[in-house]
Amino acid sequence: MNYDIQKIRSWFPVLEQKIYNRPLIYLDSAASSQKPLQVLMKEDELYKSFYGNIHRAAHFMADKTTLEFEAVRTQVQKFINAKSRDEIIFTKGTTDSINLVAHSFGERYLNEDDEIIVSEMEHHSNIVPWQLIAGRKRAKIVKLPFTETGEIEFDVFQKLISPKTKLVAIAHVSNVLGTINKIEEIIKIAHKNNVPVLIDGAQAIQHIPINVQKLDVDFYAFSAHKMYGPNGVGILYGKEKWLNEMPPYQGGGEMISEVTFEKTTFNDIPYKFEAGTPNITSVISFGAAINVIEEIGLNKIAAWEQKIMHYTTIKLKEIPNLKIYGEASEKSGVISFNIDKIHPYDIGALLDKMGIAVRTGTHCASPVMQHFNIHGTVRVSFGMYTSIEDINSFIEALKKVVNMLKT
Ligand code: PLP
């Protein structure tokens, strides 16, 4: 495969670090990915040459910043093939995007005894916002369970959906199990029942090409920092028909059309949902991250990461008493595991001392832990820069850790 891993790695100077005198092996990209030079340079350029606040002032600096900011909206629209740029709302991240929908959609459409179907494999940020609005509206959360391999069964889903269902919320890719949920089917079934669907795309957008029109999804949420972009920026894609009908989430500057002390009228979408000065610098440098992904090609990145994932799975399975959580037929990005009688935290702490960054704990997905009756797992996750050498070093170090810790 024509994938120039060395060239890609050269864009990420942080990967040349030594940690505790060992070369850094970064296997925590699902928590947050590292940032390429192109993103750092864009941020630097912005502050050094043309920074101003957007949408407001009639001067060169503000105009140029506004143009660059709005160009990223168009770039995101194209990246996910949304019908209109008005369907792209800048938020703080996936969590903020989901809270926006829970609050605003919930405010408008949710009534007592209504139901929201939420899958059992969700990150807390796709559970708690629904619990908060359900609590306020006396509505209910209905759990959509997953199987032992970490998959959703359509017949179970079909049985849960009813005239009381007002929304389905599910991850495209699970941040613990790595399952790529068959969201096309989920959306089709939901729509047959006139139920809209919110997809948490936080772990999918950096691995899988997304076409929101083809998916016919109602809401799709993701974060820039997991796709090689800066912190503090997220996207909410929403179908125009919903966004137009939903009330504002927060009040403030820019989201209004006219304000008097008696009455306020609101701006059109997307600005109705973008109160106050947004994270201008990060939005603009996020554009540079999308350019990097597009320059390589998301299909190529995905194929490379699949190779890395299969290789890692095979190598992990050679280690005695190691259990992988999540063995769905289609997986992406992450592998979670435990080794019998060894605490995941001990594995993580010792690997860290060898320069290897993995994640341990519940991964903000406690219901997944409850499903398997465990307290946590070790999780390794991959990005465009993960190499076979990274995996070889990780496996070698893991074997040493097991030898050190075995009783
Ligand atoms: N959803 C999933 C599946 C995630 O993995 C994460 C973060 O790890 C989030 C939501 C929350 O993303 P953020 O913290 O960027 O809002």
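Reading the values: rules and limits
- Residues numbered from 1 in each chain as written.
- Predicted model: local features only at pLDDT ≥ 70, side-chain atom pairs only at ≥ 80, totals over all residues.
- Heavy atoms only, no water.
- Helix = DSSP H or I, 4+ residues; strand = E, 2+ residues; numbered from the N terminus.
- Rg over C-alpha atoms; globule rule 2.2 N^0.38 Å.
- Buried < 20%, exposed > 50% of the residue type's maximum accessible area, 1.4 Å probe, protein only.
- Contact = heavy atoms within 4.5 Å.
- Areas by Shrake-Rupley, 256 points an atom, 1.4 Å probe, with all protein chains shown as cover.
- Near = heavy atom within 4 Å.
- Polar contact = N/O pair within 3.5 Å; in protein donor to acceptor, adjacent residues only side chain to side chain.
- Nonpolar A, V, L, I, M, F, W, Y, C, P; charged D, E, K, R; others polar.
- Pairing = 2+ DSSP bridges.
- Axes fitted to C-alpha atoms, helices over the stretch in contact; angles between N-to-C directions.
- Domains from an automatic or database assignment.
- Buried area = accessible area lost by both parts, 1.4 Å probe.
- Salt bridge = Lys/Arg side-chain N within 4 Å of Asp/Glu carboxyl O.
- Expected span 1.5 Å × (residues − 1).
- Core = buried A, V, L, I, M, F, W, Y, C linked by side-chain atoms within 4.5 Å.

Take the overall build of the protein next. The number of helices and strands found in the protein is 14 helices and 17 strands. The C-alpha atoms of the protein give 22 Å as radius of gyration, which agrees with the globular expectation for 407 residues (22 Å, within 12%). Within the span of the protein, comprising 407 residues, buried residues form 57% of the whole. Contacts spanning at least 24 positions in sequence make up 73% of the contacts within the protein whose residues lie at least 6 apart. About 17700 Å² of surface is accessible on the protein, with carbon and sulfur atoms providing 51% of the total.

Next up on the list: the site of the ligand. Around the ligand, the surrounding shell consists of Gly93, Thr94, Thr95, His123, Ser125, Asn175, Asp200, Ala202, Gln203, Ser223, His225 and Lys226. Take Thr94: an N or O atom from its main chain is 3.4 Å from an oxygen atom of the ligand. If the ligand stood free it would expose 390 Å²; the protein chains cover 86% of that surface. For the shell around the ligand, the residue count by class is one nonpolar, nine polar and two charged.

Turning to the sheet that holds strand 6 (residues 140–144), a few remarks are in order. The strand order across the open sheet formed by seven strands is 4-10-9-8-7-5-6, and the pairing between neighbours is mixed. Of all the strands in the sheet, the pair left with one neighbour each is strand 4 (88–91) and strand 6. Averaged over all pairs of adjacent strands, the angle between strand axes in this sheet comes to 20 degrees, irrespective of strand direction. Relative to strand 8 (residues 197–200), strand 7 (residues 165–171) runs parallel, the two being bridged by four bridges. Across the sheet, Ala171 pairs through a bridge with Asp200, a residue of strand 8.

This paragraph deals with the domain arrangement of the protein. When its domains are assigned, the protein resolves into domain 1 (5–30 + 297–405) and domain 2 (41–294). Tallying the contact residues gives 35 residues for domain 1 and 33 residues for domain 2. Both faces considered, domain 1 and domain 2 share a buried interface measuring about 2700 Å² in area, 58% of it formed by carbon and sulfur atoms. On inspection of domain 1 and its partner domain 2, the count reaches zero salt bridges. Elements with a minimum of two residues in the side of domain 1 that touches domain 2: helix 11 (298–317), strand 14 (334–339) and helix 13 (366–372).

A word on helix 14 (residues 388–405). For helix 14, spanning 18 residues, the distance from its first C-alpha to its last is 26 Å, which sits close to the expected 26 Å at 1.5 Å a residue. Every buried residue of helix 14 is listed here: Ile388, Asp390, Ile391, Phe394, Ile395, Ala397, Leu398, Val401 and Val402.

Further remarks concern the nonpolar core. Side chains that are nonpolar tend, in soluble globular proteins, to be buried together. Ranked by internal contacts, the top residues of the largest apolar core, which has 107 residues, are Ile80, Val168, Tyr220, Phe286, Phe337, Met384 and Phe394. Here the element with the most residues in this core is helix 10 (residues 280–296); it accounts for ten residues. Domain assignment of the residues forming this core places at least three in each of domain 1 (5–30 + 297–405) and domain 2 (41–294). Aside from chain neighbours lying at most four places away, what touches Phe337 is Leu316, Leu322, Lys323, Ile324, Tyr325, Thr377, Val378, Val380, Phe394 and Leu398. Within the second largest apolar cluster, 26 residues are counted, among which are Leu100, Tyr109, Ile127 and Ala221.

When you line up the elements, Val283 lands in helix 10. The residues touching Val283, leaving out its near neighbours within four places in the chain, are Phe69, Val72, Phe90 and Val233.

Attention now moves to the pattern of salt bridges. By the definition in use, this model includes 20 salt bridges. As a salt-bridge pair, Asp352 and Lys353 come within 3.8 Å of each other at their nearest N and O atoms. Look at Asp352 and you get partly exposed, because its relative accessible area is 28%. The exposure class of Lys353 is partly exposed, given its relative accessible area of 48%.

Reading across from one edge, 13-14-17-16 is the order of the four strands in this open sheet, with antiparallel pairing throughout. Strands at the two margins of the open sheet, each flanked by one partner only, are strand 13 (322–325) and strand 16 (359–361). Across the sheet, the mean angle from the axis of one strand to that of its neighbour is 30 degrees, orientation sign disregarded. Inspection of the sheet shows strand 14 paired to strand 17 (residues 377–381) by four bridges, in the antiparallel sense. Across the sheet, the residue bridging to Val334 is Ser381, located in strand 17.

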